[in-house]
Amino acid sequence: MLLAWLLAIPAWAIAETNPDTLVDNTAQEVLAIVRQDKDIQGGNKAKILDLVEAKILPHFNFNRMTRLAMGKNWSKAAPEQQQELVKEFRTLLVRTYSNALSNYSDATIKVEPLKSKGGETDTTVKTRVIQEQGQEPVPIDYSMEKTSDGWKVYDVTVAGVSLVTNYRSTFNNQVREGGVEKLIKTLADKNRSLIASDKKAALAQ
């Protein structure tokens, strides 16, 4: 279910736009691109990554996401280790979830309007992803903060499960077993495996 979050992350140009409106507009834009592009529907990795990079990633706060996922272990990492953690975590999320984007050409996303739209600097935008008829809609909540660069996502909760909290348990175990360096190595190894898998799939097409 976590794979669905890619489709409704906001990618806005006007910071003053309400976050729920931004989520809705961008969700429809991304879905329209997926539905019109046969290469993306066919799993073209390069095009999928380009779409994710252009429409989604610039509007994530990966620094805050990584800090939240690390929890108390964030302070154990040296500044250069913190930079590596953010880079590897970002790569992991991109590679893991972009693989699912081509599977959502038939999805519909419903965004719940915010009840209050004035003055907040932190809010939650609630959405539902509706897929095939007969399937239960998947609720996805976006925790968002208003920054000098506009609204940015720092956590995603799918069917009650927080992305950040989900990774925190894994990160804690890795740090407990071998320190921050062990976690960085584990993330880097996983990313290399995903990249190699993507290249192999591209050659097979």
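For the structure itself, consult the block above.
What comes next is a walk through the structure. None of the values given here were measured: they were computed from a predicted structure. (Residues numbered from 1 in each chain as written. Predicted model: local features only at pLDDT ≥ 70, side-chain atom pairs only at ≥ 80, totals over all residues. Heavy atoms only, no water.)

## Brief notes about the overall build of the protein
Moving on, step 1. In terms of regular secondary structure, the protein is built from six helices and five strands.
Moving on, step 2. Each helix and strand of the protein, placed in order from N terminus to C terminus, yields the pattern α-α-α-α-α-β-β-β-β-β-α.
Moving on, step 3. Looking at the protein as a whole, 47% of its 205 residues qualify as buried.
Moving on, step 4. Sequence-distant contacts in the protein: of pairs separated by 6 or more residues, those separated by 24 or more amount to 61%.
Moving on, step 5. About 10,400 Å² of surface is accessible on the protein, with carbon and sulfur atoms providing 48% of the total. (Helix = DSSP H or I, 4+ residues; strand = E, 2+ residues; numbered from the N terminus. Buried < 20%, exposed > 50% of the residue type's maximum accessible area, 1.4 Å probe, protein only. Contact = heavy atoms within 4.5 Å. Areas by Shrake-Rupley, 256 points an atom, 1.4 Å probe, with all protein chains shown as cover.)

## Brief notes about helix α5 (residues 79–98)
Moving on, step 1. Its 20 residues give α5 an end-to-end C-alpha distance of 29 Å, which sits within 8% of 28 Å, the value for a rise of 1.5 Å per residue.
Moving on, step 2. Every buried residue belonging to α5 is among Gln81, Gln82, Leu85, Val86, Glu88, Phe89, Leu92, Leu93, Val94, Arg95, Tyr97 and Ser98, and all of these are buried. (Expected span 1.5 Å × (residues − 1).)

## Some thoughts on the pairing of strand β1 (residues 108–111)
Moving on, step 1. The alternating pattern of β1 places Ile109 and Val111 on a buried face and Thr108 and Lys110 on a face that is not buried.
Moving on, step 2. Sheet analysis places β1 next to strand β2 (residues 122–130), joined by four bridges and oriented antiparallel. Considered in β2, the bridge of Lys110 is made with Arg128. (Pairing = 2+ DSSP bridges.)

## A look at the pattern of salt bridges
Moving on, step 1. Taken as a whole and assessed by the stated rule, the structure comprises 11 salt bridges.
Moving on, step 2. With a closest N to O distance of 2.8 Å, Asp189 and Lys185 form a salt bridge. Here Asp189 pairs with Lys185, and both are found in helix α6 (residues 163–204), just four residues apart, close to one helical turn.
Moving on, step 3. Among the residues examined, Asp189 registers a relative accessible area of 30% and is labelled partly exposed.
Moving on, step 4. The exposure class of Lys185 is exposed, given its relative accessible area of 52%.
Moving on, step 5. Taken together, the salt bridges that share partners define one network made up of Asp37, Asp39 and Lys47. (Salt bridge = Lys/Arg side-chain N within 4 Å of Asp/Glu carboxyl O.)

## Quick notes on the sheet that holds strand β5 (residues 161–162)
Moving on, step 1. Spatially, β1-β2-β3-β4-β5 is the arrangement adopted by the five strands of the open sheet, whose pairing is antiparallel. Whereas interior strands pair on both sides, the edge strands pair on one side only; in this sheet they are β1 and β5.
Moving on, step 2. Along the sheet, helix α1 (residues 19–36) makes contact with β1, β2, β3 (138–147) and β4 (150–158), crossing β1 at roughly 170°.
Moving on, step 3. Where helix α4 (residues 62–70) meets the sheet, its contacts fall on β2, β3 and β4, and the angle it forms with β4 comes to roughly 35°. (Axes fitted to C-alpha atoms, helices over the stretch in contact; angles between N-to-C directions.)

Take it as geometry only, folks, not as evidence of what the structure does.
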